Each structure stands twice: as structure tokens, then as C-alpha cells.
Amino acid sequence: DVEEFLAHLSLNGRSSYTLRNYLLGLEDFTSWLATTGRCLVEVRRRDIEAYIDAFRQGAKRNATRTDPARAGQVNPLTRKTYPALERQPRTVNHRLSVLSSFFAYLMERDAETGDGPWRQRSNPVPSRSNVMSGSHGMPGRDPIRRGPRAELRQRTPRRLPRGIEPELARDVIKTVSSLRDKAIVTLLWRSGQRVGDWSEEHGRHGVLGMTLADLDRRSSTIVVRLKGARDEHRVPVTSDFWELFERYVVEERRIADAGGPAWVGLRKGSGRPLSYAAFESSLRYASGKLGANVNAHMFRHSLAQALVETGGLKVAQEVLGHRHLSTTGDIYTYVDHRAMLQAMVAARDLFAVPDVVRERGHQPEEERADDFVFHYDALTIAELEQAASGGGPRLEAS
């Protein structure tokens with residue numbers, strides 16, 4: 001059933017990364033199911049609940065090791081939180097989506113053939129109710145009734161993108177050991193592109209997926225393949241990168257194959273394309289020496305926020321390679337720091353209260369003048385108040 005489902009996804013154009021994630025998720029679920037002594041056709045909702053609870057608290061299987069002593073703490077240099085021991089809500093929700101899609105496929109397959117154990121079954125993964133449930137379904141007539149969040153699905157907190165301060169970025173570039181890594185980190189910081197990968201199984205994209213021919217010093221531009229559609233994307237890069245890149249090619253790469261990978265292994269796997277895991281490990285080691293938890297995507301966030309503030313949303317979209325302007329806006333413009341600061345200063349000035357005691361005779365002259373219908377100078381105001389109190393000379397009408 002799992003192999004048939006993955007073949008179905010492949011025929012429908014799903015990427016190799018999607019197929020890998022679905023395969024890993026279903027392998028993990030079926031392995032857990034085997035420990036319970038139940039088979040796939042016996043899965044009920046209570047089994048999904050038990051699995052998700054075990055999955056959320058289970059040991060992670062990823063490249064980044066979780067340090068129990070730092071789990072959940074905030075790094076003072078990057079203001080980025082260290083990974084928690086439990087799996088994140090987004091990971092749990094993705095696993096639920098994988099299982100829901102798998103069981104929905106089994107139900108649809110057996111319903112079409114009219115045979116099979118799933119033809120009259122309901123999906124054991126809890127789903128969200130219809131958002132239009134209980135209404136006429138006519139826009140403008142009924143208010144939208146948003147259904148409750150699907151059971152077992154976790155609330156995903158919205159976090160601000162964590163960038164990297166210029167001083168820390170320069171320290172990281174100085175700390176990494178090779179010219180290759182110095183050039184890559186500088187390119188990430190100056191171009192805002194994804195780090196990507198070069199893989200025989202999944203293809204190539206991003207900075208690590210570039211060939212030597214994708215870097216053009218004459219026009220000061222690079223060409224990268226975007227994530228997902230793998231469309232080519234051209235962006236300019238400042239001069240400080242090109243000096244490092246030329247030194248890397250001459251002193252470390254030493255291979256004149258323009259069609260080969262731009263970034264290659266220098267020691268282990270010498271001459272082969274540099275993988276994401278190898279570069280990320282090198283970056284974590286260098287930033288760890290500085291007491292920081294820096295990852296490659298933080299350089300993209302930093303440049304993106306700077307582009308939004310200086311060049312506008314459209315410029316940031318073009319550089320980042322987002323297909324839709326709303327994608328850039330959702331990530332980087334829902335917090336306009338400059339506008340917020342101006343509004344807070346204006347609000348402070350609007351509600352500002354002088355330190356002087358607000359009693360008659362002790363107010364500043366510019367405020368006391370507002371108590372009268374007409375504008376008088378300070379001397380006239382003093383004489384009028386003295387006359388009103390009966391303690392001063394009588395003013396003669398002119």
C-alpha cells in the first residue's frame with residue numbers, strides 16, 4: 001500500500017523531497033504499528049492518537065543534535081531559540097497530513113474498484129469541519145463560520161524571522177577555516193539566496209547547486225535554481241564576494257571545469273560536490289566557537305529585511321525569488337519597525353504631560369494663554385487675573 005501510494009504521488013508530479021518525506025513518515029508509522037501487534041486495516045482513531053503522542057515526544061532523527069542543557073533557551077547573540085527536546089508543532093501537523101493523505105488514497109482507491117477493506121471506511125485521522133457548516137454558503141449574506149482546528153493538530157506559533165547582526169556575520173566569515181566557506185557565507189549574506197544542495201537523488205538548487213558557469217564576474221551576477229519549480233534566477237552580488245571567490249578558485253578548487261560544481265569538497269570527498277550536511281556542519285562549528293547558533297537561512301532573513309526597508313517590497317521579492325508578492329509580505333512586512341517607532345513617538349508626544357503642577361498660576365505661560373478666548377501676552381494675562389481677584393488696580397476701558 002505504501003509503495004503504491006508513493007507511486008501515485010510520483011505520477012502526479014510530486015518532488016523527490018516530498019516523496020522522501022512521505023516515505024520516512026509512513027515507515028515510521030508502520031514500524032510503530034508493528035510494535036502494537038496491529039495491521040494497517042485495523043487502524044482506528046485511537047491508534048492515530050497514540051502514535052502522534054509517541055511521535056511528539058520521541059527522539060528526533062535529524063542532522064542537528066539537540067543539547068538537553070540548552071533546549072528551549074535563547075542565544076544572547078542571535079536571539080534564536082535552541083531546538084526543544086520535543087518535536088515542533090509544525091512537524092507534528094505535517095505527519096498528520098501525511099497519514100491523512102495516505103488513508104484518503106486507500107479509501108478512494110477501494111471505492112473506485114468497489115473492492116478492498118477501505119471502500120466503506122472513514123479516515124481515521126481527525127479532520128477539520130467545513131468552514132461553511134451551518135450557513136447558507138452565500139458570500140455577503142452569512143458571516144464566515146470558521147470550523148474548529150482539526151483534533152490532534154497543534155497550534156503553530158508565528159515567530160519573527162531571525163536575522164544576523166552585521167558584526168556577528170563578519171565574525172563568522174573570519175572564523176570559518178577555508179576560503180570556500182568564507183566565499184559561501186559571504187554570498188549567502190550578500191545575495192539572500194537559499195543555501196540549497198547538490199544531490200544525485202534530488203537534483204541541485206540554491207547556492208550549493210551552482211556550477212562554475214553560474215557565476216559571472218564580468219556582470220557581477222550569479223544564476224541559481226529556485227526551490228520547488230527549479231526555475232533559474234539571476235541576482236547581482238557586490239564586489240567583496242568576488243575577491244574571495246577568485247582566491248578560492250585559484251588556491252583551493254584548482255579545477256578548470258566550468259560545467260562542474262562551483263563548490264567542492266576539500267578533504268573528505270575531495271573534488272565532489274559540497275553537500276548541505278557538510279557545509280551546515282562547518283557553519284555550526286564556526287558559529288559555536290563564537291558562542292552563537294547561526295544557520296544559513298539567517299543570512300537570507302537579514303538581507304530580506306534590509307531590502308524591504310530600503311528598496312521596498314517588490315525589490316525584495318525579485319531578489320529573493322518569491323513567485324508571489326504576498327509571500328514576501330507575509331514574512332517580512334507584517335512588522336514595519338520604522339512605522340511602529342514613528343507611531344509610538346507620535347503617541348508619546350500626544351499624551352505628554354508637563355512636570356509642573358497644573359494649578360492656576362503655576363501653568364506655563366503658553367498653556368495659560370489657551371484658557372482665554374483671545375490671545376494675550378503674559379503681562380496682560382497677569383493684569384486680568386489680578387483684576388478678577390480684586391487685588392489689583394482697576395483697568396479702565398479704552
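The structure contained in this document is the topic of the report that follows. Just so it is clear, the structure is predicted and the values come from calculations on it, not from any experiment. (Residues numbered from 1 in each chain as written. Predicted model: local features only at pLDDT ≥ 70, side-chain atom pairs only at ≥ 80, totals over all residues. Heavy atoms only, no water.)

### Re the overall build of the protein chain
Within the protein chain one finds 14 helices and five strands. Across the 398 residues that make up the protein chain, the buried fraction comes to 34%. A fraction of 55% describes how many contacts in the protein chain between residues 6 or more apart in sequence connect residues 24 or more apart. For the protein chain, the accessible surface area stands at approximately 24,800 Å², while carbon and sulfur atoms represent 50% of it. (Helix = DSSP H or I, 4+ residues; strand = E, 2+ residues; numbered from the N terminus. Buried < 20%, exposed > 50% of the residue type's maximum accessible area, 1.4 Å probe, protein only. Contact = heavy atoms within 4.5 Å. Areas by Shrake-Rupley, 256 points an atom, 1.4 Å probe, with all protein chains shown as cover.)

### Focus: the side chain of aspartate 214
With respect to the helices and strands, aspartate 214 occurs in the loop between strand 2 (203-205) and strand 3 (215-216). The exposure class of aspartate 214 is buried, given its relative accessible area of 14%. Among the polar contacts listed, one links the side chain of aspartate 214 to the backbone nitrogen of threonine 211, at a separation of 2.9 Å. When residues no more than four places from it in sequence are discounted, the contact partners of aspartate 214 are Arg204, Thr221, Ile222 and Val223. (Polar contact = N/O pair within 3.5 Å; in protein donor to acceptor, adjacent residues only side chain to side chain.)

### Considerations on the pairing of strand 5 (residues 232-236)
The two faces of the sheet receive side chains in turn, since in a regular strand these alternate between them. The alternating pattern of strand 5 places His233 and Val235 on a buried face, while none of Glu232, Arg234 and Pro236, on the opposite face, is buried. Across five bridges, the pairing between strand 4 (residues 221-225) and strand 5 is antiparallel. By the bridge assignment, threonine 221 is partnered in strand 5 with proline 236. (Pairing = 2+ DSSP bridges.)

### What about the packing of helix 5 (residues 166-175) against helix 6 (residues 179-191)?
It is at 8 Å that the axes of helix 5 and helix 6 come closest, and there the two elements cross at 160°. What the angle tells us is that helix 5 and helix 6 run roughly antiparallel. Every pair of crossing elements has a handedness; the one defined by helix 5 and helix 6 is right-handed. Along the contact surface, helix 5 presents Pro166, Ala169, Arg170, Val172, Ile173, Lys174 and Thr175, while helix 6 presents Lys182, Val185, Thr186 and Trp189. Taken together, the residues of the contact of helix 5 with helix 6 sort by class into six nonpolar, two polar and three charged. (Axes fitted to C-alpha atoms, helices over the stretch in contact; angles between N-to-C directions. Parallel < 35°, antiparallel > 145°, perpendicular 65-115°, else oblique. Left-handed = near helix turned anticlockwise from the far one by under 90°. Nonpolar A, V, L, I, M, F, W, Y, C, P; charged D, E, K, R; others polar.)

### Describing the sheet that holds strand 3
Across the sheet, which stays open at both edges, the three strands sit in the order 3-4-5 with antiparallel pairing between neighbours. Because the sheet does not close on itself, it has two edges, and the strands there are strand 3 and strand 5. Summarising the sheet, strand 3 and strand 4 pair through two bridges and their orientation is antiparallel. Within strand 4, the position partnered with leucine 215 by the bridge is isoleucine 222.

### Describing the nonpolar core
If you look at the biggest cluster of nonpolar residues, it comprises 40 residues, and the most contacted ones within it are Met210, Ile222, Phe241, Trp263, Phe279 and Phe299. For this core, the elements supplying multiple residues, two or more each, are helix 5, helix 6, strand 4, helix 7 (239-253), helix 8 (276-289) and helix 9 (297-310). For this core, the element with the most residues is helix 6, which contributes seven residues. When near neighbours in sequence (up to four residues on either side) are disregarded, methionine 210 contacts Leu187, Trp198, Arg204, Leu215, Ile222, Val223, Val224, Pro261, Ala262 and Trp263. Counting residues in hydrophobic clusters, the runner-up holds 26 residues, among them Trp32, Ile48, Tyr51 and Trp118. (Core = buried A, V, L, I, M, F, W, Y, C linked by side-chain atoms within 4.5 Å.)

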